[in-house]
Amino acid sequence: MRCYALLCFSLFINYQYSNFKMDSELETVLVLLSAAVAAAVAAGQIFRPSRTRRWWVRPANQSRGEAGLFDQQYQILRQRDPEYFEKTIRMELNTFDLLLAKVEDKLKKYSQRKSIEPACRLFLTLHYLAHGDSIYTLSRTYRLGESTVHRIVREVTKVLWSELSAEFMPIPGEQEWRLFSEQFFERWNLPNCCAAVDGKHVAIQCPRNAGSQYFNYKKFHSINLMAMCDADYNFVAVDVGAYGGNSDGSVFANSAFGLKLLTNQLNLPADKPLPNSATVVPHFIVGDAAFPLKDNLMRPYPGKNLPPAKDRFNYRLSRARRVIENAFGILVARWRILLNVLFMEPDSAEYVVLACVILHNFMKKHSPAYCPPNFVDREGASGFIPGAWRESTLPLPSINAAQICNGNNSRQSAYRIRDILAEYLLQNPL
């Protein structure tokens, strides 16, 4: 059939460049066949060597019903061993059912063969995110092909982000920012602070033909994760996917929320008087020394042996900024795939990271056991008490200061606002 179509196409071309007279009906047929050939070539259906399948289902996977983890253990774990159910996916049974109800329709597949049910697809993906097992290990555990597991993880992580982000990470409005500010002052004694920001590296396999774009200063390939969180360790904005090897100092400025912050488009509340004071200052975000100093972005004073006002400001800012460090710590302690190298293309790795972030917010809201009080850093009568997450995992590598901000270029007003805050905090100790 293909040869016949190509022959007709060749005859039509020859006819176009010759004086040969052709019957009108035959000409019409040749034109249609030529168009069909062109469309098939464009779609890759012609000149593509056919592949003969060795088998419809790999022999090692034909025992899925008798040996696959989901087919054999899922109902047993649900009905008789909820503790192991939770250990497998780091999620209680009722929380899993709630999550499944939110994404089930998007996970359904329709085909001539019996498709993998949504519960299995979600369970497998959560298992992968929670423990960081290799794709091959999961394929043997669930008796599925490696390519099938890859596809399931890619599809489910996309669905988790697309279906949950609007509910569990909505774009904050002025009212929400004001609530965040009240929480920061109540818990961390830093007035007018709305959120804390930081950036981390997530390791990935070196992409094909990527050169050194993803190779970072820590000497591994990565994508950047930039995020802000509120006083309760919930992520309120996230940007994933910038090259780990960026050296132009624009990771923060090129992130969606960073650009809005630096151009005063983040909908932060209007300037407000400090508590028990007539001094008016803007609402702001706190970051570490890697971030620029702006009217709405505070960073610590540089240097050591600082005057009391500057030293007190740095201490109070550090207490407030600790929430983003703890948010990242909780994230990697619960979703340990982020501690491993992601052996996938960068776009798939982005959705894995985004899925972990949105699951973090989902679990914070629906599962008290996800982040118990002793799991995060706190201060007691004897001073600083490290959170339990620090005993179970290491923090993600931080983004280099030169990558976040190329130079400071701060306005005098930003220095003045910081000095006003420093003097106020000195006069209003804890």
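Scroll up to find the structure.
Residues numbered from 1 in each chain as written. Predicted model: local features only at pLDDT ≥ 70, side-chain atom pairs only at ≥ 80, totals over all residues. Heavy atoms only, no water.

(A) Structural detail: the pattern of salt bridges. All told, the structure shown has 17 salt bridges when counted by the stated rule. The shortest N-O distance in the salt bridge between arginine 121 and glutamate 155 comes to 2.6 Å. With arginine 121 in helix H7 (residues 118-131) and glutamate 155 in helix H9 (residues 146-168), this residue pair connects regions lying 34 residues apart in the sequence. Here arginine 121 falls in the buried class, since its relative accessible area comes to 5%. For glutamate 345, the salt bridge identified is with arginine 208, shortest N-O distance 3.6 Å. With glutamate 345 in the loop between helix H13 (308-334) and helix H14 (346-366) and arginine 208 in the loop between strand S1 (193-203) and strand S2 (222-229), this residue pair connects regions lying 137 residues apart in the sequence. Assessed through its relative accessible area of 36%, glutamate 345 is described here as partly exposed. Classification of arginine 208 by relative accessible area gives exposed; the value is 67%. Taken together, the salt bridges that share partners define one network made up of Lys109, Arg121 and Glu155. (Salt bridge = Lys/Arg side-chain N within 4 Å of Asp/Glu carboxyl O. Helix = DSSP H or I, 4+ residues; strand = E, 2+ residues; numbered from the N terminus. Buried < 20%, exposed > 50% of the residue type's maximum accessible area, 1.4 Å probe, protein only.)

(B) Region of interest: the nonpolar core. Core analysis: the biggest nonpolar cluster contains 101 residues, and Phe96, Leu122, Phe123, Phe235, Trp335 and Leu342 have the highest contact counts within it. Per-element accounting of this core gives the leading share, 12 residues, to H13. In contact with phenylalanine 235, not counting residues within four places along its chain, are Met169, Ala227, Met228, Cys229, Ile324, Ala327, Phe328, Leu331, Val357, His360 and Asn361. One finds Phe180, Met228, Val236 and Phe252 within the second-largest nonpolar core, a separate group that totals 20 residues. (Core = buried A, V, L, I, M, F, W, Y, C linked by side-chain atoms within 4.5 Å. Contact = heavy atoms within 4.5 Å.)

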